Amino acid sequence: MTDTRIRLLQEGDWDELVALEERTYAASGLSEGEVALRSRHRASPSTCFVLEHAGGFGGYLLALPYPLFRCPDLSLAEEGAVQGSNLHLHDLVIAERARGRGLARRMQERLEETGRAASYQTLSLVAVNGSPVLWTTLGYRTQPGIGLPASYGTEAVYMVKPVEIAVTSRVSGPLPEQKRADADGSVPGVVRRS
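Residues numbered from 1 in each chain as written. Predicted model: local features only at pLDDT ≥ 70, side-chain atom pairs only at ≥ 80, totals over all residues. Heavy atoms only, no water.

Undergrad: Describe the overall build of the chain, naming the residues involved and giving the relevant values.
TA: Check the secondary structure of the chain and you find four helices and seven strands. Ordered by position from the N terminus, the helices and strands of the chain form the series β-α-α-β-β-β-α-β-α-β-β. Surface exposure of the chain reaches about 10100 Å², of which carbon and sulfur atoms provide 51%. (Helix = DSSP H or I, 4+ residues; strand = E, 2+ residues; numbered from the N terminus. Areas by Shrake-Rupley, 256 points an atom, 1.4 Å probe, with all protein chains shown as cover.)

Shown next as structure tokens:
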């Protein structure tokens, strides 16, 4: 796929991004609008990407650090950057003309690489519109009982995936276990829609 490239989101991408987001989510009541979308990008510009495919806009991915077991409210803009060990995949949409080519998987892989390089421990998302099956095939697991903002609707599912550590040398002894969240959802020491 030499006619496909993933790059950081730029100012000139917003018109196409907002139009694609609206086409994808307006009918289900999940469209956020440009102000909220831009706030997600401002919170973490280094984890927001655009897919260029066949010479045009092929899709986008917005991700931002967010506490594990929490997620942005679709009806509110972000107030500022959040730090932590979890990278939340807020939105990944492939343009209609580029679907069915495995490009969502490529975007997800880019996010994993970015997360690994920045030492994130987990990736999260909120699956909507019947998409949990897709995300399960990409390694995410449902986290039952996580309260989600009402803006996602009643069928939304919170999902988490550990960031795989690239091991380039032999390790003596077992790797440390993943830290579990406390009852309030915070992770000691330290996924929207799709």
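Picking up where we left off.
Undergrad: Account for helix α2 (residues 34–43), naming residues and giving values.
TA: Taken as a whole, α2 has its buried residues at A36, L37, S39, R40, H41 and A43. Buried positions along α2 lie against α1 (14–25), β2 (48–53), β3 (56–65) and β4 (86–94). (Buried < 20%, exposed > 50% of the residue type's maximum accessible area, 1.4 Å probe, protein only. Contact = heavy atoms within 4.5 Å.)

Undergrad: Go over the environment of V82 with me, naming the residues and quoting the values.
TA: Along the chain, V82 turns up in the loop between β3 and β4. The spacing of V82 and A43 is 39 residues in sequence and 7.3 Å in space, taken between C-alpha atoms. Setting aside residues up to four positions removed in sequence, V82 forms contacts with P65, Y66 and P67.

Undergrad: Any details on the side chain of D13? Residues and values, ideally.
TA: Looking at the element boundaries, D13 is found in the loop between β1 (4–8) and α1. Every residue in contact with D13, bar those within four places of it in the chain, is listed here: R7, L8, V50 and F57.

Undergrad: Got a sec to walk through the sheet that holds β1? Specific residues and values, please.
TA: Pairing within the open sheet is mixed, and its seven strands lie in the order β1-β2-β3-β4-β5-β7-β6. The sheet is open, and its two edges are formed by β1 and β6 (141–142), each paired on a single side. The sheet contact formed by β6 and strand β7 (residues 157–162) spans two bridges and is antiparallel. Along β7, the bridge assignment pairs R141 with V160. Running over the sheet, α1 touches β3 and β4 and is turned about 85 degrees from β3. (Pairing = 2+ DSSP bridges. Axes fitted to C-alpha atoms, helices over the stretch in contact; angles between N-to-C directions.)

Nothing here speaks to function; it is geometry throughout.
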